[in-house]
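Residue-level listing of the chains:
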Amino acid sequence: MTHDPRSALLSAALDAAARGWHVFPLRPGTKRPALHGETACPHSGPCTGGHRKWEDRATTDPDRIRAAWERAPFNVGIATGPSGLLVVDLDVPKDKSSTDAPCGAATFKALCERTGKAVPRTRTVRTASGGQHLYFTAPAAVRLHNTAGTLAPLVDTRAWGGHVVAAGSLVDGTRYEVQGPALLRPLPDWLKHALVPPHPVNRTAAAPAGRVHRPYVDAALARETAAVTTAAEGRRNATLLRAARALGRFVASGDLTRDEVEMPLQRAGESAGLSATECRTTLRSALDWSITHNQARTEVAA
């Protein structure tokens, strides 16, 4: 009897959905979403009210899943954020010529040892490259986003804004497979704390003594913050960069402190869908650039 890959992948999608995980189709044999992007959006069907990306269109509805997987042998993507998952991705070195480079599993184990914790035992999926995905239920009290190398080299995480390839999918001729017990564990507290650094909102920004209140400065801050909060997908990081550069001149002039700019822009960027790490990196470089350039202009004018 001939094995039907479409049937096997449909079963994988339905199995994931039965666990409450939101799935969407990936292009056959790849890890890339099979749904249209923002630039090619027809603004019809599910996108009638505006473009809906794969995270918004991922579903647990068996009828929708069957209708999609009847069309082609799609791989199965799991949208980690809507699924309430935090997945730790233990990757392998891309340079196959080097046998000395540690893999993500080794660097993660070293991190656990330094923290005095055992490597967490939870649902584990072997990836096509030979790496591992460790599945955890995400904490409900905090909205985690993707990270890349934040915990350790070759250790990434997938949460809101991210997806993983589900077990049963086939990439480069190798199937993603569950290893060992399939029991799903909550994200350990020590890992949660490692992924949620102290937020700038917890710091009190002190205004310089004697600073003159200027309404146009407050208006500019409110305007740029609103622009970041409402930035469209594909323009969020660029909008954050532009806002930080625009407001950096007020830091250079002493009208605002750096914290007074960073805190609202950090919150705005995260609420728009950027990760905390991405926001911090963009803000740091943009403000450094703006403050340096605007201080130079002030010195020339003086």
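Residues numbered from 1 in each chain as written. Predicted model: local features only at pLDDT ≥ 70, side-chain atom pairs only at ≥ 80, totals over all residues. Heavy atoms only, no water.

S.K.: Just to check I follow, could you spell out the overall build of the protein for this structure?
M.R.: Tallying secondary structure elements over the protein gives nine helices and 12 strands in all. Looking at the protein as a whole, 41% of its 302 residues qualify as buried. When the accessible area of the protein is evaluated, it comes to approximately 15,800 Å², of which 53% is carbon and sulfur surface. (Helix = DSSP H or I, 4+ residues; strand = E, 2+ residues; numbered from the N terminus. Buried < 20%, exposed > 50% of the residue type's maximum accessible area, 1.4 Å probe, protein only. Areas by Shrake-Rupley, 256 points an atom, 1.4 Å probe, with all protein chains shown as cover.)

S.K.: Can you walk me through the nonpolar core in this structure?
M.R.: As a rule of thumb, soluble globular proteins bury nonpolar side chains together. Formed by 30 residues in total, the largest nonpolar core has its most connected members in Val23, Ile65, Trp69, Val76, Ile78 and Tyr135. When contributions to this core are tallied by element, the ones reaching two or more residues are α1 (5-18), β1 (23-26), α3 (62-69), β2 (75-79), β3 (85-90) and β8 (163-165). For this core, the element with the highest residue contribution is α1, accounting for six residues. Counting 20 residues, the second largest nonpolar core, distinct from the first, contains Ala268, Leu274, Cys279 and Ala286. (Core = buried A, V, L, I, M, F, W, Y, C linked by side-chain atoms within 4.5 Å.)

S.K.: What is the right way to read the side chain of Asn75 from this model?
M.R.: With respect to the secondary-structure elements, Asn75 resides in strand β2. A relative accessible area of 1% means that Asn75 is categorised as buried. Setting aside anything within four residues of it in sequence, one finds Asn75 in contact with Leu9, Phe24, Pro25, Leu26, Arg27, Pro28, Gly29, Thr30, Trp69, Ser169, Leu170 and Val171. (Contact = heavy atoms within 4.5 Å.)

S.K.: Explanation requested: the sheet that holds β2 in the structure shown.
M.R.: Strands belonging to one sheet form pairs held by backbone hydrogen bonds; the direction of such a pair is parallel or antiparallel. Strand order in the open sheet formed by three strands is β1-β2-β8, and the pairing between neighbours is antiparallel. Because the sheet does not close on itself, it has two edges, and the strands there are β1 and β8. Ignoring strand direction, the axes of neighbouring strands in this sheet form an average angle of 35°. Two strands pair when backbone bridges link them, and β2 and β8 are joined in this way by three bridges, in the antiparallel orientation. The partner of Ile78 across the bridge, within β8, is Val164. Each of β1 and β2 is contacted by α1, which is oriented at about 15° to β2, the strand it contacts most. Its contacts with the sheet put α3 on β1 and β2, and the angle it makes with β1 is roughly 5°. (Pairing = 2+ DSSP bridges. Axes fitted to C-alpha atoms, helices over the stretch in contact; angles between N-to-C directions.)

S.K.: Whenever I open this one, the packing of aromatic side chains confuses me. Can you help?
M.R.: Two numbers describe a pair of aromatic rings. These are the distance of the centres and the angle of the planes. Counted under the stated rule, the structure contains five aromatic pairs. Ring centres of Trp69 and Phe74 lie 6.3 Å apart, and the angle between their planes is 90°; this geometry places the pair in the edge-to-face category. Ring centres of Phe108 and Trp190 lie 6.5 Å apart, and the angle between their planes is 25°; this geometry places the pair in the stacked category. Of this pair, Phe108 sits in helix α4 (residues 104-115) while Trp190 sits in helix α5 (residues 189-195), and the two are 82 residues apart along the sequence. Trp190 sits in the buried class, given a relative accessible area of 15%. Across the ring face of Trp160, the terminal group of Arg143 is positioned such that the distance to the ring centre comes to 3.9 Å. (Phe/Tyr/Trp six-rings, centres within 6.5 Å; stacked < 30°, edge-to-face > 60°. Lys NZ or Arg CZ within 6 Å of the ring centre and 35° of its normal.)

S.K.: What is the right way to look at the packing of helix α6 (residues 215-229) against helix α7 (residues 236-253) in this model?
M.R.: The description of two packed helices rests on the angle between their axes and on the distance between the axes. The N-to-C vectors of α6 and α7 enclose an angle of 170°; their axes lie 9 Å apart at closest approach. For the element pair α6 / α7, the angle class is roughly antiparallel. In this structure, α6 contributes Tyr216, Val217, Ala220, Leu221, Glu224, Ala227 and Val228 to the contact, and α7 contributes Thr239, Leu240, Arg242, Ala243, Ala246, Leu247 and Phe250. Its residues placed into classes, the contact of α6 with α7 shows 11 nonpolar, one polar and two charged. (Parallel < 35°, antiparallel > 145°, perpendicular 65-115°, else oblique. Nonpolar A, V, L, I, M, F, W, Y, C, P; charged D, E, K, R; others polar.)

S.K.: Honestly, the pairing of strand β6 (residues 147-152) in this entry has me stumped. Any pointers?
M.R.: On a regular strand, one side chain projects to one face of the sheet and the next to the other, so that they alternate. Note that β6 and strand β7 (residues 155-158) share three bridges and pair antiparallel. Looking at the pairing, Ala152 lines up with Val155 of β7. The turn joining β6 and β7, which pair antiparallel and follow one another in sequence, is formed by two residues; a positive phi near 65° is taken by Leu154.

S.K.: Looking at this structure, how should I read the packing of α6 against helix α8 (residues 258-272)?
M.R.: Between α6 and α8, the least distance of the axes is 8 Å, while the angle of their chain directions is 20°. When the axes of α6 and α8 are compared, the pair comes out roughly parallel. When you trace α6 past α8, the crossing you get is right-handed. For the pair α6 and α8, the contacting residues are Leu221, Glu224, Thr225, Val228 and Thr229 in the first and Glu260, Val261, Pro264, Leu265, Ala268, Gly269, Ser271 and Ala272 in the second. Considering only residue class, the contact of α6 with α8 consists of seven nonpolar, four polar and two charged. (Left-handed = near helix turned anticlockwise from the far one by under 90°.)

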